[in-house]
Amino acid sequence: MATDSMEIDDALYSRQRYVLGDTAMQKMAQSNVFLSGMGGLGVEIAKNIVLAGIKALTVHDTKQCKTWDLGTNFFICEDDVINLRNRAEATLPHIAELNPYVHVLSSTAPLDETTDISFLKKYQFISADVYGIWSRLFCDFGDEFEVLDATGEEPKEIFISNITQSNPGIVTCLENHPHKLETGQCLTFREVNGMSCLNGSMQQITVVSPYSFSIGDTSDMEPYLHGGIAVQVKTPKIFCFERLEKQLKNPTYLLADFSKPEAPLQIHTAMLALNQFQENFGRMPNIGCLQDAEEMLKIAVSISETLESKPQVNEDIVKWLSRTAQGFLAPLAAAVGGVASQEVLKAVTGKFSPLQQWLYIDALDIAISLDKTSCEEFLPRGDKYDALRVCIGESLCQKLHKLNVFLVGCGAIGCEMLKNFALLGVGSGGDKGMVTITDPDLIEKSNLNRQFLFRPHHIQKPKSYTAAAATLNINPQLKIDPYLNKVCPATENIYNDEFYTKQDLIVTALDNVEARRYIDSRCVANLRPLLDSGTMGTKGHTETIVPHLTESYNSHRDPPEEEIPFCTLKSFPAAIEHTIQWARDKFESAFSHKPSLFNKFWQTYPSAEEVLQRIKSGESLEGCFQAIKSLSRRPRNWSQCVELARIKFEKYFKHKALQLLHSFPLDTRLKDGSLFWQSPKRPPSPIKFEFSDPLHYSFIVSGAKLFARVYCVAVTEKDLSEETILKIISGVNIQEFRPSNKVVQTDETARKPDHIPVSSEDERNAIFQLEKAILSNEALKNDLQMKMLSFEKDDDANGHIDFIAAASNLRAKMYNIEPADRLKTKRIAGKIIPAIATATAAVSGLVALELIKVVGEHPFEAYKNCFLNLAIPIIVFTEAAEVRKTEIRNGISFTIWDRWTIYGKEDFTLLDFINAVREKYGIEPTMVVQGVKMLYVPVMPGHIKRLKLTMQKLVKPSADKKYVDLTVSFAPETDGDEDLPGPPVRYYFIHEDN
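Residues numbered from 1 in each chain as written. Predicted model: local features only at pLDDT ≥ 70, side-chain atom pairs only at ≥ 80, totals over all residues. Heavy atoms only, no water.

Looking up the protein in an unreviewed UniProt entry gives the name Ubiquitin-like modifier-activating enzyme 6, with the organism given as Chrysemys picta bellii. The record held by UniProt for the protein lists under Pathway (unreviewed entry) the comment "Protein modification; protein ubiquitination." (UniProt positions renumbered as here; feature names shortened; annotations may be inferred.)

Spelled out as structure tokens, the structure:
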């Protein structure tokens, strides 16, 4: 981002632009940050804000690198320790390398009573600390801090169905479309018919119900007729902060764990006691020293009396803070560092709601299970894991070193997880331990904004190999095995049951639900713990899945994404999302789907003469009419490509509108007497082509260029000149519109038809067109192939987004819908997930804390799921979902983690299998299913005969298959009830002695 012109490098920042917006990005690019303390927490914050793209960062530290730092700071190496480098100077080149647009400086001057720090007066103040398993964050942005956008959410648009003439006026939105507004928010109105004086006015609302809200007095206005859209207006908000000295006595804090409402004040008191202890004794409490813990407890009791709320001192919190204060838990620093970094960005941009004013995150759940561990376990041993050892003890460190973990995905969360693994020493054991990673993707420039292990020279290299090498730079002792395969049913020969049973833990770093569901099913089948997480902009979630203790990912399902009805897309768009999806569909149809069908047809029937002969003899060849139509209309030079684009313009943006208005004139009424064309239906206006209109011109040029690419037509610089294009367009013969009697689909539940029937006239026409092409020598080998385009949103040179943006905005103009800029079009068309490094770092840190608990085999109560939204900000920890037991009957029950096993032999029949289940588990199956295949359902014809068939014959396993997973169900206790479900039954074809 060049700071003189403020031009945003979209190739680098595209995912983040969707989170922050351009105004915030430009403010950020003019901001300076001073960061003091380059330990493990400081380097986390530096990484995140440099990736985000501030103007300049000064990193400050007076300490030298020590062995201890190797396990806490991922940018300090052994050479820095040997040469006693200053921590700020050692980390500076690595931080600077993260983003070429950010100027990074270092300072090693001491900060004490004699230092002139007047230059800091103009800065907002943020303080962050990690002491062992405890962390705190404090923000002070001044007496009055203006925020332009408190949430970062898109302004809501509400379609109106009625407005009453009353005081106050009650606005009702369309049924099944809740407004999701809050009292006090402001709206502006447009396109209201009847009560038109509301249009352009701004109204503060009071929520009445999920589908209605009240506004000001409407009793003197004209009666409401129809239509209207209410649009949310973002208004600036002022946040007031108190100074640190006042907040120390009476803190305002964000509560993260609602099960412990008293914890923040107790941690606040304990941390103040720790600071006082340091001041009194010039040192930290000694590790596990009871005397120091007692002294700190006395200090905490006296401090509590000075606080306004006089909180009760929690002895356990003081004890664990005293015991671990010298230590440092890197994942906790990643979590609080992510939150702190987002606060830095808020301070310099005024985007999102700042933290008011304290946040405490702890990892006490890890420590409580270690209460009876010997004190010697926590003492330093002079290696890089000393800071970790103080927090979790030597035995748990060793378990981490010997861990076999499978990380799926090496994107933003994947890179952060690998950094956490390196600092924890996961998979670094001498004889045991391995980190297996996989990702099929190559590195793109847009990845560099969040995936901090990658650099510009890595672009187009495999993510997994590159991430593995970069992780070894942080900790050379790690053992990493990188793969390039997707994890899916097609790769079960690689990631088979044997592979999963070798893993102690699976961690997903994925961006889609389908892959998560598949991996979850494999973890449940192989009884493996799974740690899942994800982010979307400033939002993030983590989920801990532990065999026999918790539910699995598949135990809950998000509501399916709402699909845009086919008739809305085709004829009645009401929002810009509809026109963008329509344009994306047009791209797929013209440049991907049709070329693919064309190639498939002519590969099946390589001779045009043979095809002609066969269809003349009455033979029906699948796809032949579309293939012949494409062949007959094939452009063979640049002029014909431009001509084709111009004809498409007329069809899409003029004839389509005229046809709709012919089918449904503006005064059309429905059976109930209401107007057909009323909200959300918008009548189209035909667009007359104007060469001088940039949008019209953009559609022609981008469309023609894509047609040229698909039909392998060469294009020169001269071809693309305005002069050439104007000359071609002037000569195009545009046919007049002739209305047809085609039925326009208005049913919102109707789906797109799979096949359009071919008429006898189409058949005759196809024969004629193919004969003509053969006679003209235009059905030769080269004519029978097209280049299929795959939509690629991130390559600006390919013209894909140019076409979609032009087509979408022309359709929007035709329907009087507010157009979208290129950036928004690209996000919606490319289904881009907005992303920012701050949320990614926070989420991966929280996952790594759960990993320590899983490895330590902690009890169910220790595990936490988390949802966070750093924009608001909100962080909510909840207990993991406890696994549900399903009762069958007679005291027989099972959970998703239970699997019954039956061992068979070569002549084992289905009846033998059913009897074996009854004998072993005390209940007889009445139905046996394999996947979607019904093996035995008594009511199905012929199924009773199957009882005598062998399992081998019924299941038909492949030669290497040792078992099959079956689903059984049982007869209900009362006739007429549904069958009772059972657990999966793993049937082994032959009993193997282990």
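That covers the picture; the talk isn't over yet.
Caption draft 1: Here's a closer look at the environment of His578. Among the secondary structure elements, His578 is positioned in helix α19 (residues 576-604). Taking the C-alpha atoms as reference, His578 lies 20 Å from Ser161; in sequence the two are 417 residues apart. Within the structure, His578 has its side chain in polar contact with the backbone nitrogen of Ala574 (distance 2.9 Å). (Helix = DSSP H or I, 4+ residues; strand = E, 2+ residues; numbered from the N terminus. Polar contact = N/O pair within 3.5 Å; in protein donor to acceptor, adjacent residues only side chain to side chain.)

Caption draft 2: View of unusual backbone geometry. Cis geometry marks the peptide bond from Ser679 to Pro680, where omega comes out at 5°. Take Pro680: it is sitting in the loop between α22 (638-663) and α23 (694-710). Going from Ile872 to Pro873, the amide bond is cis rather than trans, its omega being -15°. You can see Pro873 is positioned in the loop between β23 (864-869) and β24 (874-879). Of note in the backbone geometry, His548 takes a positive phi value of approximately 70° without being a glycine. Positionally, His548 belongs in the loop between β22 (539-545) and α18 (566-570). Phi is positive for Asn777, which is not a glycine, with a value near 60°.

Caption draft 3: Focus on empty space enclosed by the protein. Summed over all chains, the structure comprises three cavities of 30 Å³ or more. Lining the largest cavity are Lys586, Ala590, Phe591, Ala645, Lys648, Tyr652, Phe699, Gly703, Phe707 and Phe803. If you list the elements that add at least two residues to the lining of the largest cavity, you get α19, α22 and α23. By residue class, the composition of the lining of the largest cavity is seven nonpolar, one polar and two charged. (1 Å grid on protein atoms, 1.4 Å probe; cavity = no way out; pocket = protein on both sides within 12 Å on 5 of 7 lines; lining within 4 Å. Points joined across faces, edges and corners; volume = space filled by probe spheres on them. Nonpolar A, V, L, I, M, F, W, Y, C, P; charged D, E, K, R; others polar.)

Caption draft 4: Just the packing of α23 against helix α24 (residues 722-730), in detail. Direction vectors running N to C along α23 and α24 enclose 90°, while the axes themselves pass 12 Å from each other. Comparing their axes, α24 and α23 come out roughly perpendicular. Contacts from Tyr697, Ile700 and Val701 in α23 reach Glu722, Ile725 and Ile729 in α24. Here the contact of α23 with α24 is composed, by residue class, of five nonpolar, no polar and one charged. (Axes fitted to C-alpha atoms, helices over the stretch in contact; angles between N-to-C directions. Parallel < 35°, antiparallel > 145°, perpendicular 65-115°, else oblique. Contact = heavy atoms within 4.5 Å.)

Caption draft 5: Expanded view of the side chain of Asn865. Structurally, Asn865 is set in strand β23. Within the structure, the side chain of Asn865 is placed 2.9 Å from the backbone nitrogen of Thr544, a separation counted as a polar contact. Ignoring any residue separated from it by four or fewer positions in sequence, one finds Asn865 in contact with Thr542, Glu543, Thr544, Val876, Phe877, Thr878, Glu879, Ala880 and Ala881.

Caption draft 6: Quick peek at the packing of aromatic side chains. If you walk through the whole model with that rule in mind, you get 46 aromatic pairs. An angle of 70° between the planes, with centres 4.8 Å apart, marks the rings of Phe74 and Phe75 as edge-to-face. We note that Phe74, like Phe75, is buried. Between Phe691 and Tyr697, the aromatic rings sit 5.2 Å apart at their centres with planes inclined by 80°, giving edge-to-face as the arrangement. We note that Phe691, like Tyr697, is buried. Through pairs of rings, three or more aromatic residues link up here, namely Trp582, Phe587, Phe591, Phe649, Tyr652, Phe653, Phe689, Phe699, Phe707, Tyr711, Phe791 and Phe803. Here Arg323 stacks its cationic end above the ring of Phe378, 4.4 Å away from the centre of that ring. Lys961 extends its terminal NZ or CZ atom over the ring of Tyr963, reaching a point 5.3 Å from the ring centre. (Phe/Tyr/Trp six-rings, centres within 6.5 Å; stacked < 30°, edge-to-face > 60°. Buried < 20%, exposed > 50% of the residue type's maximum accessible area, 1.4 Å probe, protein only. Lys NZ or Arg CZ within 6 Å of the ring centre and 35° of its normal.)

Caption draft 7: Molecular detail of the pattern of salt bridges. Summed over the entire model, instances satisfying the criterion amount to 54 salt bridges. One salt bridge in this structure joins Arg822 and Asp802, with 2.4 Å as the shortest N-O distance. Placement of Arg822 in helix α27 (residues 822-829) and of Asp802 in helix α26 (residues 800-814) is noted, with a sequence separation of 20 residues between them. The exposure class assigned to Arg822 is partly exposed, which follows from its relative accessible area of 33%. Connected through salt bridges with shared partners, the residues Asp10, Arg15, Arg17, Asp22, Asp794 and Lys826 form a single ionic network. (Salt bridge = Lys/Arg side-chain N within 4 Å of Asp/Glu carboxyl O.)

Caption draft 8: Main features of a negative patch on the surface. On the surface, Asp441, Glu444, Asp511, Glu792 and Asp795 cluster together into a patch of negative charge. Assignment of secondary structure puts Glu792 in the loop between α25 (760-775) and α26. Judged by relative accessible area, which is 34%, Glu792 ranks as partly exposed. (Patch = residues over 30% accessible without salt bridge, like charges linked within 9 Å, V, L, I, M, F, W, Y side chains within 5 Å. Areas by Shrake-Rupley, 256 points an atom, 1.4 Å probe, with all protein chains shown as cover. Lys, Arg positive; Asp, Glu negative; His and termini not counted. Charge placed at Lys NZ, Arg CZ, Asp CG, Glu CD.)

Caption draft 9: View of the sheet that holds strand β29 (residues 933-936). Ordered in space as β27-β31-β30-β28-β29, the five strands form an open sheet in which the pairing is mixed. Each end of this open sheet is capped by a strand with a single partner; those strands are β27 (900-903) and β29. Shown here is a sheet whose adjacent strand axes are inclined to one another by a mean of 35°, direction ignored. Pairing analysis gives four bridges linking strand β28 (residues 925-930) to strand β30 (residues 963-970), with the strands arranged antiparallel. Pairing of Pro925 across the sheet is with Phe970, part of β30. The strands touched by helix α29 (residues 910-921) within the sheet are β27, β28, β29, β30 and β31 (980-988), with β27 carrying the most contacts at an inclination of about 130°. (Pairing = 2+ DSSP bridges.)

Caption draft 10: Molecular detail of the sheet that holds β24. One open sheet holds the eight strands; their spatial order is β19-β18-β17-β20-β21-β22-β23-β24, and the pairing between them is mixed. The sheet is open, and its two borders are formed by β19 (480-483) and β24, each paired with just one other strand. Pairwise comparison of adjacent strand axes, ignoring direction, gives a mean angle of 15° for this sheet. Examined bridge by bridge, strand β21 (residues 530-536) and β22 share seven bridges and lie antiparallel to one another. Bridge assignment links Leu531 to a residue of β22, and that residue is Thr544. In the packing of helix α15 (residues 463-474) onto the sheet, the strands contacted are β18 (434-438) and β19, and the crossing angle to β19 comes to about 165°.

Caption draft 11: Broad picture of the side chain of Ser844. Its place among the elements puts Ser844 in helix α28 (residues 837-855). Accessibility expressed as a relative area gives 0% for Ser844, which makes it buried. Ignoring any residue separated from it by four or fewer positions in sequence, one finds Ser844 in contact with Ile413, Glu416, Met417 and Asn420.

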